[in-house]
Amino acid sequence: MNYPVRPSYTAGEIDRAGNAARSFKPGTEDYKEAIGVINGWRAAHAYPMHTFYVTLRRRALLISRKSLVARRLKRLVTILDKIGGRQESMRLSRMQDIGGVRAILPKVKHVYVLRDKYANDTRFPHVLKRSHDYILSPKPSGYRGVHLVYSFNNAQGRSPVARDYDGLLVEVQIRTQLQHEWATAVEIVGTMLGDELKSSIGDANWLEFFQCMSSVIATLEDSPVLAAHREWTTAQLFNYTAELAQKIEMINTIAGWVTGLKSINERGGGGYYHILLLDIQNKKVRMLRYLESELEEATQKLAEFEQAAAVNGDPEPVLVAVGDITKLRKAYPNYFLDMKDFLQLTSYVIETANGTGYNSNNEQ
């Protein structure tokens, strides 16, 4: 199939467009012009991202048939947020995760087997630029996973444009199912509260709750807990986490958000690419589905939705691909406010603290 071509912008032009989009008001002509450059640059990552997706999917499924592999182009609001505010020195032309692929596997040991497949493959042509192990060294927020950032190097490509995408960066994220549930929950709560919880910005009680839940997951996966919890017994961790969950009324709050939420398919056309739009006010998840051959149409429609969201202050839409619509909700549950698995884990923590598992009297 045909993928968007790499635009002829210089790195300076790309960086200036990113800065301009941060400066101008959404809806103005200057803003639209800057966004046009950003969208062209972002769309160019579709081909490298697809190439990495194919390899990642094959390798992950060989490790576990329960693996889930997905890909996405970075949301516009996240791109602009990285350029400004939190990371003022970030240059759009060198942003490492505009194109991202993700593998979700059952266990930590699977994560490292998959990581080592990349590390030990001498025939893999792409250039590893950065590697982060956030399982052994989790972020202060509690985020866990393994990230590999590659510079695309299509040395084996045969088409006339095979080398046009060389140098574009693609990020490979590998995490366990429990780590995925945690990250998804953080995004959902952040969206509903209007806070950047995943950047450690927002309500202090929710931030601490997610830090504790990260360490709870670490105990279940035999991984290092956060530094703040290293001196705690498992009983102390579970008890304190349960107290926080009850203090913020976590379960009732989440249940109130998701009650009555409906998914509406607004476009048939197959199920390879999907645009997801979360309408919080009307409790709807709008889905537009596109064939594999309709990527250009999908990216153009995404740009329209993103500009409307910027003007109206709505949650950002996202363009994703999982190859199978039945896996869409599992790969991107945050767009469906789907926290049932995380809620079950939280209930387990509360029940355990109340005496059905670890407690201060039966710690081994």
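Our subject in this report is the structure included herewith.

1. Overview of unusual backbone geometry
Here is step 1 of the chain: Positive phi outside glycine occurs at Ser200, with the angle close to 60°.
Here is step 2 of the chain: Mapped onto the elements of the fold, Ser200 is located in the loop between helix H6 (177-193) and helix H7 (204-220).
Here is step 3 of the chain: A positive phi angle, near 55°, is found at Asp222, a position not held by glycine.
Here is step 4 of the chain: Accessibility expressed as a relative area gives 74% for Asp222, which makes it exposed.

2. A few points about H6
Along an α-helix, residues three or four apart share an orientation, since each turn contains 3.6 residues.
Here is step 1 of the chain: Here H6 spans 24 Å end to end across 17 residues, near enough to the 24 Å set by a 1.5 Å rise per residue.
Here is step 2 of the chain: If you check which residues of H6 are buried, you get Gln179, His180, Glu181, Trp182, Ala183, Thr184, Ala185, Val186, Ile188, Val189 and Gly190.

3. Quick look at the packing of aromatic side chains
Here is step 1 of the chain: The full count for this structure, using the stated rule, is 20 aromatic pairs.
Here is step 2 of the chain: Note on Tyr47 and Phe152: the rings are 5.9 Å apart at their centroids and 80° apart in plane angle, and the pair reads as edge-to-face. With Tyr47 in helix H3 (residues 46-63) and Phe152 in the loop between strand S4 (146-151) and strand S5 (169-176), the pair connects residues that are 105 residues apart, well separated along the chain.
Here is step 3 of the chain: By relative accessible area, Tyr47 is classed as partly exposed at 21%.
Here is step 4 of the chain: Both rings, one in Tyr47 and one in Tyr165, keep their centres 5.0 Å apart while their planes meet at 40°; by these two values the pair is tilted. Taken together, the positions of Tyr47 in helix H3 and Tyr165 in the loop between S4 and S5 put the pair 118 residues apart, joining distant regions of the chain.
Here is step 5 of the chain: Given the relative accessible area of 5%, Tyr165 is considered buried.
Here is step 6 of the chain: Three or more aromatic residues joined by ring pairs make a cluster, and in this case those are Tyr3, Tyr47, Phe52, Tyr118, Phe124, Tyr150, Phe152 and Tyr165.

4. Section: empty space enclosed by the protein
Here is step 1 of the chain: Scanning the entire structure with this criterion turns up 5 cavities of 30 Å³ or more.
Here is step 2 of the chain: What the largest cavity holds in volume is close to 60 Å³.
Here is step 3 of the chain: Only H3, strand S1 (68-73) and strand S9 (318-321) provide two or more residues apiece to the lining of the largest cavity.
Here is step 4 of the chain: For the lining of the largest cavity, the per-class residue count stands at 9 nonpolar, no polar and 2 charged.

5. Details of the environment of Pro106
Here is step 1 of the chain: Looking at the secondary structure, you find Pro106 in the loop between strand S2 (99-105) and helix H5 (108-119).
Here is step 2 of the chain: The spacing of Pro106 and Ile63 is 43 residues in sequence and 9.9 Å in space, taken between C-alpha atoms.
Here is step 3 of the chain: Filtering out sequence-adjacent residues up to four positions away, Pro106 remains in contact with Ser64, Lys66, Thr176 and Gln177.

6. Some words on the packing of helix H1 (residues 11-23) against helix H2 (residues 29-43)
When two helices pack together, their arrangement is given by the angle between the helix axes and the distance between those axes.
Here is step 1 of the chain: Contact pair H1 / H2: the axes reach a minimum separation of 8 Å and the direction vectors enclose 130°. The pairing of H1 with H2 is recorded here as oblique in orientation. For the pair H1 and H2, the sense of crossing is left-handed. Together, Glu13, Ile14, Ala17, Gly18, Ala20 and Ala21 of H1 and Tyr31, Ala34, Ile35, Val37, Ile38 and Trp41 of H2 make up the contact between the two elements.
Here is step 2 of the chain: Of the residues in the contact of H1 with H2, the class split is 10 nonpolar, 1 polar and 1 charged.

7. Quick notes on the nonpolar core
Here is step 1 of the chain: Ranked by internal contacts, the top residues of the largest apolar core, which has 59 residues, are Leu92, Leu114 and Val172.
Here is step 2 of the chain: With 7 residues, the single largest contributor to this core is H3.
Here is step 3 of the chain: Contact partners of Leu92, with chain neighbours within four places excluded, come to Ile14, Asp15, Gly18, Ile38, Trp41, Ile79, Ile83 and Ile98.
Here is step 4 of the chain: Counting 49 residues, the second largest nonpolar core, distinct from the first, contains Ala185, Val186, Val189 and Phe209.

8. As for the pattern of salt bridges
Here is step 1 of the chain: Following the criterion strictly, the structure yields 12 salt bridges and no others.
Here is step 2 of the chain: For Asp97, the salt bridge is made with Lys82, and the minimal N-O distance between the two is 3.1 Å. You can see Asp97 sitting in the loop between helix H4 (76-83) and S2 and its partner Lys82 sitting in helix H4, a full 15 residues away along the chain.
Here is step 3 of the chain: Residue classification places Lys82 among the buried positions, given a relative accessible area of 14%.
Here is step 4 of the chain: Salt-bridge contacts for Glu187 lead to Lys198; the nearest nitrogen and oxygen are separated by 4.0 Å. With Glu187 in helix H6 and Lys198 in the loop between H6 and H7, this residue pair connects regions lying 11 residues apart in the sequence.
Here is step 5 of the chain: We classify Glu187 as partly exposed; its relative accessible area is 27%.
Here is step 6 of the chain: Owing to a relative accessible area of 42%, Lys198 belongs among the partly exposed residues under this scheme.
Here is step 7 of the chain: Here the salt bridges share partners, and the residues they tie into one network are Lys74, Lys82 and Asp97.

Cut-offs used in this document
- Residues numbered from 1 in each chain as written.
- Predicted model: local features only at pLDDT ≥ 70, side-chain atom pairs only at ≥ 80, totals over all residues.
- Heavy atoms only, no water.
- Helix = DSSP H or I, 4+ residues; strand = E, 2+ residues; numbered from the N terminus.
- Buried < 20%, exposed > 50% of the residue type's maximum accessible area, 1.4 Å probe, protein only.
- Expected span 1.5 Å × (residues − 1).
- Phe/Tyr/Trp six-rings, centres within 6.5 Å; stacked < 30°, edge-to-face > 60°.
- 1 Å grid on protein atoms, 1.4 Å probe; cavity = no way out; pocket = protein on both sides within 12 Å on 5 of 7 lines; lining within 4 Å.
- Points joined across faces, edges and corners; volume = space filled by probe spheres on them.
- Nonpolar A, V, L, I, M, F, W, Y, C, P; charged D, E, K, R; others polar.
- Contact = heavy atoms within 4.5 Å.
- Axes fitted to C-alpha atoms, helices over the stretch in contact; angles between N-to-C directions.
- Parallel < 35°, antiparallel > 145°, perpendicular 65-115°, else oblique.
- Left-handed = near helix turned anticlockwise from the far one by under 90°.
- Core = buried A, V, L, I, M, F, W, Y, C linked by side-chain atoms within 4.5 Å.
- Salt bridge = Lys/Arg side-chain N within 4 Å of Asp/Glu carboxyl O.

So far we have only geometry, and geometry alone does not tell us how the molecule works.
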